[in-house]
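Summary of the model geometry
Below, each chain spelled out in residue letters.
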Amino acid sequence: MIKINLQNKKGFTILVAVIVSALVLSIGLSVANITVKQITLSSAGRDSQIAFYVADSAAECALYNDLIGKKFPNTDDVPKYLPVTCFGETVIPANVTESSGTYSGSLKFASTTIKFTSTGHWSEVQVGKYEQPDGSIKTIISALGYNANPAVANKRLIERGLEITY
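Residues numbered from 1 in each chain as written. Predicted model: local features only at pLDDT ≥ 70, side-chain atom pairs only at ≥ 80, totals over all residues. Heavy atoms only, no water.

Here the focus is the overall build of the protein. In terms of helices and strands, the protein carries one helix and six strands. When its helices and strands are written in sequence order, the protein yields α-β-β-β-β-β-β. By the burial criterion, 27% of the 166 residues in the protein qualify as buried. Excluding contacts between residues fewer than 6 apart, the proportion of contacts in the protein whose partners are at least 24 apart in sequence is 43%. Accessible area of the protein: about 10,900 Å², with a carbon and sulfur share of 61%. (Helix = DSSP H or I, 4+ residues; strand = E, 2+ residues; numbered from the N terminus. Buried < 20%, exposed > 50% of the residue type's maximum accessible area, 1.4 Å probe, protein only. Contact = heavy atoms within 4.5 Å. Areas by Shrake-Rupley, 256 points an atom, 1.4 Å probe, with all protein chains shown as cover.)

What follows is the structure in structure tokens.
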């Protein structure tokens, strides 16, 4: 009969348990790190889509108010501060200016700041009407959409924009 001395192998089980535990912990931390990055990436995609749709809604609202509501006049005999209703909120256009624009022709009307606040998302719209040399009016609607309030510091603020020219 062969007799084995077990007294020299007492720490081997603890060593294997520590190595296996460290390996399982490192795999778990790696999976958790990948999951956090995927959640951040998907939320950035969602916020980008929200900002785009807010800009699109604001541009469509300004287009509707210009074409159907005649809220952005291109003549000097009509008041410049006609209230605009967008997203259930009536806003009087602010920052109205009359000067030379960056586009060809002279600027007739510009307004900014139409807010979409019902869900905490913001948009800013600028409508410019330019008199062309041939007497026609060129209208440019620029809309910016944000996933959050741009006045508040937010490192995940996303801005998307659209421009409509007719």
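Moving on, there is more to tell.
Right, let's get into the confidence of the model for the protein. Caution applies to low-pLDDT parts of the model: their predicted coordinates are not meant to be read in detail. Across the protein, the average pLDDT comes to 77, with 71% of residues at or above 70. Across the protein, element-level confidence peaks in strand E6 (residues 159-165) with a mean pLDDT of 92 and bottoms out in strand E3 (residues 106-111) with 51. Low pLDDT, under 50, characterises residues 99-105; the predicted model gives this stretch eleven contacts beyond four residues in sequence or across chains. (pLDDT = per-residue confidence, 0-100.)

On to the pattern of salt bridges. Taken as a whole and assessed by the stated rule, the structure comprises one salt bridge. Between Asp 47 and Arg 46 there is a salt bridge; the shortest N-O distance is 3.3 Å. Residue Arg 46 is classed as partly exposed on the basis of its relative accessible area, which comes to 48%. (Salt bridge = Lys/Arg side-chain N within 4 Å of Asp/Glu carboxyl O.)

The pairing of strand E4 (residues 122-131) with strand E5 (residues 137-146) spans ten bridges and is antiparallel. Among the inter-strand pairings, Tyr 130 is bridged to a residue of E5, identified as Lys 138. Hairpin connection between E4 and E5: a loop of five residues separates the two successive antiparallel strands, and Gly 135 in this loop has a positive phi of roughly 95°. Pairing of E5 with E6, which is carried by seven bridges, proceeds in the antiparallel orientation. Residue pairing in the sheet places Ile 140 in a bridge with Thr 165 of E6. (Pairing = 2+ DSSP bridges.)

With that settled, the discussion passes to the nonpolar core. With twelve residues, the main nonpolar core is built from Ala 58, Ala 59, Cys 61, Ala 62, Leu 63, Phe 72, Val 84, Cys 86, Val 125, Val 127, Ile 141 and Ala 143. Counting residues per element, this core draws most heavily on helix H1 (residues 12-67), at five residues. Ignoring any residue separated from it by four or fewer positions in sequence, one finds Ala 59 in contact with Ile 141, Ala 143 and Ile 164. (Core = buried A, V, L, I, M, F, W, Y, C linked by side-chain atoms within 4.5 Å.)

With that settled, the discussion passes to the packing of aromatic side chains. What the rule picks out here adds up to one aromatic pair. Seen in terms of ring centroids, Phe 52 and Tyr 53 are 5.6 Å apart; in terms of plane orientation they differ by 65°. Their pairing is edge-to-face. Assessed through its relative accessible area of 45%, Tyr 53 is described here as partly exposed. (Phe/Tyr/Trp six-rings, centres within 6.5 Å; stacked < 30°, edge-to-face > 60°.)

A contiguous nonpolar patch, built from Phe 12, Val 16, Val 20 and Val 24 and spanning about 370 Å² of accessible area, is present on the exposed surface. For Val 20, the location among the structural elements is in helix H1. For Val 20, a relative accessible area of 46% corresponds to the partly exposed category. (Patch = residues over 30% accessible without salt bridge, like charges linked within 9 Å, V, L, I, M, F, W, Y side chains within 5 Å.)

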